[in-house]
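Reading the structure
Read off the chains here:
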Amino acid sequence: MLVSAAVCPCPPLLVPALAVGAAPELDAARDACADALGVLAASRPDRLVVVGPAAGPQDLEPYPQGAHGSFRGYGVALDVTLDGTPAGPGHGEPPTLPASLAVAAWLLGNVAWSASPIQGLGVREPLDTERCIKSGRDIAARDERVALLVMGDASACRTLKAPGYLDDRAAAFDAEVARALAEADTRALAALDTKLATELQAAGRACWQLLAGAAEGSSLDGALLYEAAPYGVGYLVATWS
């Protein structure tokens, strides 16, 4: 059963070492993510499942606790493991975590997560809504008390300098996602337009719909902790508890 969830963005720039001089621009987002993880820990889960967008060969790629990720591809000698320990230098293991789960691993290490075992799941885009919903239901049924950390960005088309350029539909799409997360509206998340989300480069769509499946019948309350688009990409932080 799902007892809590946190939704966080997954830009590598959340890691201060990668942002360098621009790091303060996302301080509020980092603080909101830390607060969201505090809500997860307070729910006393039996297991934390971390889900994030991935580009692997499988639609759903599992990652065990302790899986290794790296930010060396971004020019920074920083490695992480999916186990709640602080980030440190490389230890010789080849990185396996997709970027979204590496960011999650950094967030968990930043708060020294120790509330429960951790399991990772990479979600390949585009995954159809029905499969996302079913996967969420399956995850929620695995343990008596399950918490979800859901990584994913909203649209990447909010400004002329955004990765996907400006699209007039982006602001309204992000606003609806923000409302659904704030109200823990599973029906609204399940009803998100897959085609539109793809066109707007909203990488979190499948993971949000997985959350919708996991939360069916759970009667959780939502709270929106952060909403901004500092680089033309929608970043949202929310909690369900």
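In this report, the structure presented in the accompanying data block is examined. Since this is a predicted model, take the numbers as computed values, not measurements.

The rules we used
Residues numbered from 1 in each chain as written. Predicted model: local features only at pLDDT ≥ 70, side-chain atom pairs only at ≥ 80, totals over all residues. Heavy atoms only, no water. Disulfide = S-S within 2.5 Å. Core = buried A, V, L, I, M, F, W, Y, C linked by side-chain atoms within 4.5 Å. Buried < 20%, exposed > 50% of the residue type's maximum accessible area, 1.4 Å probe, protein only. Helix = DSSP H or I, 4+ residues; strand = E, 2+ residues; numbered from the N terminus. Salt bridge = Lys/Arg side-chain N within 4 Å of Asp/Glu carboxyl O. Phe/Tyr/Trp six-rings, centres within 6.5 Å; stacked < 30°, edge-to-face > 60°. Axes fitted to C-alpha atoms, helices over the stretch in contact; angles between N-to-C directions. Parallel < 35°, antiparallel > 145°, perpendicular 65-115°, else oblique. Left-handed = near helix turned anticlockwise from the far one by under 90°. Contact = heavy atoms within 4.5 Å. Nonpolar A, V, L, I, M, F, W, Y, C, P; charged D, E, K, R; others polar. Expected span 1.5 Å × (residues − 1). Polar contact = N/O pair within 3.5 Å; in protein donor to acceptor, adjacent residues only side chain to side chain. Pairing = 2+ DSSP bridges.

Here a disulfide denotes a covalent bond joining the sulfur atom of one cysteine to the sulfur atom of another. Applying the stated criterion across every chain yields a total of zero disulfides. Of all cysteine sulfurs, the one in Cys-10 lies closest to Cys-157, which takes part in no disulfide; the gap is 15 Å.

Counting residues in hydrophobic clusters, the biggest one holds 44 residues, and the most contacted among them are Leu-2, Val-51, Leu-148 and Leu-211. Broken down by element, this core gets its largest block of residues, seven residues, from helix H8 (residues 205–214). Counting 41 residues, the second-largest nonpolar core is a separate cluster that includes Cys-10, Leu-14, Ala-29 and Leu-107.

This paragraph deals with the pattern of salt bridges. Following the criterion strictly, the structure yields 15 salt bridges and no others. One salt bridge in this structure joins Glu-216 and Arg-137, with 2.8 Å as the shortest N-O distance. Taken together, the residues span a long stretch of sequence, with Glu-216 in the loop between H8 and strand E8 (222–228) and Arg-137 in helix H4 (residues 129–140) at a distance of 79 residues. Overall, Arg-137 belongs to the partly exposed group, its relative accessible area being 43%. Salt-bridge contacts for Asp-167 lead to Arg-169; the nearest nitrogen and oxygen are separated by 2.9 Å. Salt bridges here are not isolated pairs; linked through shared partners, they connect Asp-167, Arg-169, Lys-195 and Glu-199.

With that settled, consider the packing of aromatic side chains. Taken as a whole, this structure holds one aromatic pair when the rule is applied. Ring plane angle 45 degrees and centroid distance 6.4 Å describe the contact between Phe-71 and Tyr-74, whose orientation is recorded as tilted. Taking the relative accessible area as the measure of exposure, Phe-71 reaches 1% and is therefore buried. Here Tyr-74 falls in the partly exposed class, since its relative accessible area comes to 46%.

At a closest axis distance of 6 Å, the pairing of H4 and H8 adopts a crossing angle of 50 degrees. Between H4 and H8, the interaxial angle falls into the category oblique. Relative to H8, H4 is oriented so that their crossing is right-handed. In contact with Thr-129, Cys-132, Ile-133, Ser-135, Gly-136, Arg-137, Ile-139 and Ala-140 of H4, H8 contributes Arg-205, Ala-206, Gln-209, Leu-210, Ala-212, Gly-213 and Ala-214. In terms of residue class, the contact of H4 with H8 is built from eight nonpolar, five polar and two charged.

The subject of this paragraph is H4. Residues spaced three or four apart along an α-helix face the same direction, because each turn holds 3.6 residues. If you check H4, its first and last C-alpha atoms are 17 Å apart, about what 12 residues at 1.5 Å a residue would give, namely 16 Å. Structurally, the start of H4 carries an N-cap: the backbone nitrogen of Glu-130 is 3.2 Å from a side-chain oxygen of Asp-128.

The mixed open sheet is built from seven strands, whose spatial order is E3-E6-E2-E7-E1-E9-E8. Of all strands in the sheet, those with a lone pairing partner are strand E3 (60–63) and E8, marking the two edges. Each adjacent strand pair in this sheet contributes to an overall mean axis angle of 20 degrees, direction not counted. Bridge count for E3 against strand E6 (residues 118–124) is four bridges, and the pairing is antiparallel. Considered in E6, the bridge of Tyr-63 is made with Gly-120. Of the strands in this sheet, strand E1 (2–8), strand E2 (47–54), E3, E6 and strand E7 (146–151) are in contact with H4, which crosses E7 at around 145 degrees.

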